[in-house]
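Structure assessment
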Amino acid sequence: MTRAAQKIQDQYDALMFARTPDAARKAARELVFLVLGETSEHLSLEEAVRETCRRLRPAADPREEQRFEDEMVELALGANRPHSAVAA
């Protein structure tokens, strides 16, 4: 694995396992910058994450691609993460 590919993988892992919405957004911003470069600065975070997903995980089926993108956006924007974990 090249050094650039390893950096991308590390940021992808940071996004996947982020524990807070802030950590997820930070990891997402860094990931999209690694993948898209300076062009990511001209896009909203959501659109940049979608474009990053298209490049990292392309799918032949448009519905499957949409699902991949939606899942990655949800991870990046922290929609499914509580602000603080509460032990049950």
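Rules used in this analysis
Residues numbered from 1 in each chain as written. Predicted model: local features only at pLDDT ≥ 70, side-chain atom pairs only at ≥ 80, totals over all residues. Heavy atoms only, no water. Helix = DSSP H or I, 4+ residues; strand = E, 2+ residues; numbered from the N terminus. Buried < 20%, exposed > 50% of the residue type's maximum accessible area, 1.4 Å probe, protein only. Contact = heavy atoms within 4.5 Å. Areas by Shrake-Rupley, 256 points an atom, 1.4 Å probe, with all protein chains shown as cover. pLDDT = per-residue confidence, 0-100. Expected span 1.5 Å × (residues − 1). Axes fitted to C-alpha atoms, helices over the stretch in contact; angles between N-to-C directions. Parallel < 35°, antiparallel > 145°, perpendicular 65-115°, else oblique. Left-handed = near helix turned anticlockwise from the far one by under 90°. Nonpolar A, V, L, I, M, F, W, Y, C, P; charged D, E, K, R; others polar.

A tally of helices and strands in the chain yields four helices and zero strands. The helix and strand sequence of the chain, counted from the amino end, reads α-α-α-α. When the 88 residues of the chain are sorted by exposure, 31% land in the buried category. Here the contacts in the chain between residues at least 6 apart in sequence split such that 37% fall between residues at least 24 apart. For the chain, the accessible surface area stands at approximately 6100 Å², while carbon and sulfur atoms represent 53% of it.

Within the secondary structure, Ala48 is located in helix 3 (residues 45-56). In this structure Ala48 comes out as buried when scored by relative accessible area, which is 2%. In this structure the C-alpha to C-alpha distance between Ala48 and Leu31, which are 17 residues apart in sequence, comes to 9.6 Å. When near neighbours in sequence (up to four residues on either side) are disregarded, Ala48 contacts Val32, Leu36 and Leu43.

By secondary structure assignment, the location of Gln11 is in helix 1 (residues 3-16). Leaving out residues up to four positions away in the same chain, Gln11 has contacts with Ala27, Glu30, Leu31 and Leu34.

For the chain, the mean per-residue pLDDT works out to 88, and 88% of the residues sit at or above 70. Considering only residues more than four positions removed or in separate chains, one finds that residues 83-88, a stretch of pLDDT under 50, has one contact.

On to helix 2 (residues 21-36). Taking 1.5 Å per residue as the helical rise, helix 2 with its 16 residues ought to reach 22 Å, and the 22 Å between its terminal C-alpha atoms agrees with that figure. If you follow the buried residues of helix 2, they end up packed against helix 1, helix 3 and helix 4 (62-77). Immediately downstream of helix 2, the backbone of Gly37 shows phi near 70°, a positive value.

This paragraph deals with the packing of helix 3 against helix 4. The contact between helix 3 and helix 4 brings their axes to 9 Å, and the two run at 130°. Classified by the angle their axes make, helix 3 and helix 4 are oblique. In the packing of helix 3 onto helix 4, the handedness of the crossing is right-handed. Judged by residue contacts, Leu45, Glu46, Val49, Arg50, Thr52, Cys53, Arg54 and Leu56 of helix 3 engage Glu65, Gln66, Phe68, Glu69, Asp70, Met72, Val73, Ala76 and Leu77 from helix 4. Looking at side-chain class alone, the contact of helix 3 with helix 4 contains nine nonpolar, two polar and six charged residues.

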